[in-house]
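The chain contents come next:
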Amino acid sequence: MVDSFNKFFKSLVESSGLNLSRDLNIDEVRYIISKINEYFFTNYEGIGFTNALGEKFEYFSEFHKFWEKYHCEVLNPQIDERKCEGIADILHDVYMKSNKAAFYDLYNTALLKPEEICKVRYFSANQDFRGSRDIVKLFKTYKDDPSIFDKYNINDNPEGFLKSIGVTSLSQNDKRVKYAKTASQILIDLNIEPFDLLVYFNYDIMQIREFLINSRGAGFGNKKTDMFLRDMVVLDVWKDAKNFHEVNVASDINTIKVALRTGILKTKIPLVSSFLDIFCYQYSLIDEMNALAWRKVWEIWHQKYPSECIESPCLIDYFVYRIIGKEFCQESLSIFECETKQHNFKWHSSRNRTCQVCYKNRVKNKAYVIKKVLPCTDCEGYLVIQNSKFVSGDNAVLPNIKECPFESVCKPKTSSFKKLNPPKSISILGQTGWETAKTRTVEGGGGLMA
Ligand SMILES: [Zn+2]
Ligand SMILES: [Zn+2]
């Protein structure tokens, strides 16, 4: 691995004539800082171009060029099959004990017909509607006025459609309008409704997937497409669909986080900050490897217990994303200190304002959060787990558990456990994107302004 990194690093050590046996002097510090800035954050006439989003962009810096070529080799992500088997066994156990319910978030579809459910889901999935609560609301919107989801109406007035479904976020409005317009246009071109995609593509889920992802401008990225396809099969909208098992888990920061913390996916160094991951090379790589890691888990599970297994890796999503990722694997166990400073206590909610220790003795004192930790790393983590709606209450899918189901694989109470974080993505275009951060070496400055 030669390239520019070698040259950069050697220039720091050699060309500066550094004497490593004494402290640096200010001239040497200046030199090093300017060289680091030059290498990571500046470019020059003739540095060359890269491709992204189907366009050509001048490289941001020499490091950008290096990272494009070597990010995979540096991070070297690996799938740990032994850990995958551990997780597969746990998922099978959860599947049996919950009678499948932990994997199927069957929302109330308001008695809509399959064709109608499909239409609502098609035009909302590409706008990133994910939570079941939001989707149930949309089904009601459809009931109130089906014409809102008419492909011709959407095509004529995409802004009006977005308003009707309650999308008011101005930040991504241009993109959203384009998604609504294009998604309706591709149906008009084929002269079909969303429901007909199944027959049109010979009942093959993967053909539909390819078509949607390749329809540029329709907003169907991998994640949103997989979510849509999964819902159509799970909600029994599309019957007899082929190749459903080919659909991967909808990769996102929650499923990635759980993959890293359980160790089914490992990297040689902790993930780098998005400041270094120019143009999201790390993000895309980890995203892709995450889907493969969960697929490996599913393959092992399916092989060991063929008749006691979900039909596709994409069905792991609800359990890992919603229950583990958003509910259990969060720093939600709060450590409080009493305003008297006499004692601490742990509590499942950071919204509490009362000293619960004093309250037990009928004394009224305030308390403040001094720290938040993952429930699995603390011996009182059951406070959070037992208060989860997935554990207690009428619709609990994991009744009476006291710890996160993945504890035996993560081993969060041992010193080897690391609370690894998922990567963050950073945009190329726009005010906070790299394109506006560029500067020439000789000019100085550059970077982002919030
Ligand atoms: Zn107190
Ligand atoms: Zn944990």
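Refer to the preceding data block for the structure.
In this report, we go over the structure that sits alongside the text. (Residues numbered from 1 in each chain as written. Chains lettered and ligands numbered in written order. Predicted model: local features only at pLDDT ≥ 70, side-chain atom pairs only at ≥ 80, totals over all residues. Heavy atoms only, no water.)

### Examining empty space enclosed by the protein
To find leftover empty space, one rolls a probe the size of a water molecule over the atoms.
Phase 1 of the analysis: Counted under the stated rule, the structure contains one cavity of 30 Å³ or more.
Phase 2 of the analysis: If you add up the space inside the largest cavity, you get close to 80 Å³.
Phase 3 of the analysis: Of all the secondary structure elements, the ones that give two or more residues to the lining of the largest cavity are helix 13 (253-262), helix 15 (316-328) and helix 18 (407-410).
Phase 4 of the analysis: Broken down by element, the lining of the largest cavity gets its largest block of residues, three residues, from helix 13.
Phase 5 of the analysis: Class assignment for the residues of the lining of the largest cavity results in ten nonpolar, one polar and two charged. (1 Å grid on protein atoms, 1.4 Å probe; cavity = no way out; pocket = protein on both sides within 12 Å on 5 of 7 lines; lining within 4 Å. Points joined across faces, edges and corners; volume = space filled by probe spheres on them. Helix = DSSP H or I, 4+ residues; strand = E, 2+ residues; numbered from the N terminus. Nonpolar A, V, L, I, M, F, W, Y, C, P; charged D, E, K, R; others polar.)

### Some thoughts on the environment of methionine 232
Phase 1 of the analysis: Along the polypeptide, methionine 232 turns up in helix 12 (residues 222-234).
Phase 2 of the analysis: For the pair formed by methionine 232 and cysteine 118, sequence separation is 114 residues and the distance between their alpha carbons is 6.7 Å.
Phase 3 of the analysis: Contact partners of methionine 232, with chain neighbours within four places excluded, come to Ile117, Cys118, Arg121, Val237 and Trp238. (Contact = heavy atoms within 4.5 Å.)

### Describing the packing of helix 13 against helix 14 (residues 281-304)
Phase 1 of the analysis: For the pair helix 13 and helix 14, the least separation of the axes is 10 Å and the interaxial angle reads 70°. One way to sum up the angle between helix 13 and helix 14 is to call them roughly perpendicular. Every pair of crossing elements has a handedness; the one defined by helix 13 and helix 14 is left-handed. Residues Ile253, Thr255, Ile256, Val258 and Ala259 of helix 13 lie in contact with helix 14, whose contacting residues are Tyr283, Ile286, Asp287, Asn290 and Trp294.
Phase 2 of the analysis: When grouped by side-chain class, the residues that make up the contact of helix 13 with helix 14 number seven nonpolar, two polar and one charged. (Axes fitted to C-alpha atoms, helices over the stretch in contact; angles between N-to-C directions. Parallel < 35°, antiparallel > 145°, perpendicular 65-115°, else oblique. Left-handed = near helix turned anticlockwise from the far one by under 90°.)

### Quick word on the coordination of the zinc ion (ligand 1)
Phase 1 of the analysis: The coordination sphere of the zinc ion (ligand 1) contains the protein donors Cys338 (SG), His343 (NE2), Cys355 (SG) and Cys358 (SG), at a distance range of 2.1 to 2.3 Å.
Phase 2 of the analysis: Around the zinc ion (ligand 1), the four donor atoms are arranged such that angles at the metal cover 100 to 118°; this shape is classified as tetrahedral. (Donors = N, O, S within 2.8 Å, 3.2 Å for Na, K, Ca; no water. Tetrahedral: all angles 85-135°; square planar, octahedral: opposite > 155°, others 65-115°.)

### As for the layout of surface pockets
Phase 1 of the analysis: Taken as a whole, the largest pocket holds about 2100 Å³ of empty space.
Phase 2 of the analysis: In terms of lining, the largest pocket is formed by 48 residues, of which the most central are Leu53, Lys175, Tyr179, Gly221 and Lys224.
Phase 3 of the analysis: Where the lining of the largest pocket is concerned, the elements lending two or more residues are helix 9 (173-190), helix 11 (205-214), helix 12 and helix 14.
Phase 4 of the analysis: For the lining of the largest pocket, the class distribution of residues is 17 nonpolar, 18 polar and 13 charged.
Phase 5 of the analysis: Among the domains, domain 1 (3-76) and domain 2 (114-234) are the pair contributing at least three residues each to the lining of the largest pocket. (Domains from an automatic or database assignment.)

### Here's the deal with the packing of helix 5 (residues 114-125) against helix 12
Phase 1 of the analysis: It is the contact of helix 5 with helix 12, at a shortest axis distance of 10 Å, that shows an interaxial angle of 165°. Classed by the angle they form, the pair helix 5 and helix 12 counts as roughly antiparallel. Helix 12 is crossed by helix 5, and the crossing has right-handed handedness. From helix 5, Ile117, Cys118, Arg121, Tyr122 and Ala125 reach across to helix 12, where they touch Lys224, Met227, Phe228, Asp231 and Met232.
Phase 2 of the analysis: The residue makeup of the contact of helix 5 with helix 12, split by class, is seven nonpolar, no polar and three charged.

### Structural notes on the side chain of threonine 225
Phase 1 of the analysis: Its place among the elements puts threonine 225 in helix 12.
Phase 2 of the analysis: Owing to a relative accessible area of 0%, threonine 225 belongs among the buried residues under this scheme.
Phase 3 of the analysis: At a separation of 3.4 Å, a polar atom in the side chain of threonine 225 contacts the main-chain carbonyl oxygen of phenylalanine 220.
Phase 4 of the analysis: If we ignore the near neighbours within four places in the chain, the residues touching threonine 225 are Arg209, Leu212, Ile213 and Phe220. (Buried < 20%, exposed > 50% of the residue type's maximum accessible area, 1.4 Å probe, protein only. Polar contact = N/O pair within 3.5 Å; in protein donor to acceptor, adjacent residues only side chain to side chain.)

### Here we look at the packing of aromatic side chains
Phase 1 of the analysis: This structure, assessed with the given rule, holds 32 aromatic pairs.
Phase 2 of the analysis: With 6.0 Å between their ring centres and 35° between their planes, phenylalanine 63 and phenylalanine 66 make a pair best called tilted. On the criterion of helical spacing, the pair formed by phenylalanine 63 and phenylalanine 66 is a turn pair, its members being three residues apart in helix 3 (residues 62-75). Accessibility assignment for this pair places phenylalanine 63 and phenylalanine 66 in one class, buried.
Phase 3 of the analysis: Pairing phenylalanine 103 with phenylalanine 319 gives two aromatic rings, centres 5.4 Å apart and planes at 40°, and the pair type is tilted. Placement of the pair is phenylalanine 103 in the loop between helix 4 (81-97) and helix 5 and phenylalanine 319 in helix 15, with a sequence separation of 216 residues.
Phase 4 of the analysis: For phenylalanine 103, a relative accessible area of 2% puts it in the buried group.
Phase 5 of the analysis: On the accessibility criterion, phenylalanine 319 (0% relative accessible area) is buried.
Phase 6 of the analysis: Within the aromatic cluster, the residues linked to one another by ring pairs are Phe5, Phe8, Tyr39, Phe40, Phe41, Phe63, Phe66, Trp67 and Tyr70. (Phe/Tyr/Trp six-rings, centres within 6.5 Å; stacked < 30°, edge-to-face > 60°.)

### Details of the pattern of salt bridges
Phase 1 of the analysis: Tallied over the entire structure, the rule returns 25 salt bridges.
Phase 2 of the analysis: Between lysine 341 and glutamate 337 there is a salt bridge, with its nearest N and O atoms 3.5 Å apart.
Phase 3 of the analysis: The exposed category is assigned to lysine 341, whose relative accessible area is 62%.
Phase 4 of the analysis: Taken together, the shared-partner salt bridges connect Arg121, Arg230, Asp231 and Asp317 into one network. (Salt bridge = Lys/Arg side-chain N within 4 Å of Asp/Glu carboxyl O.)

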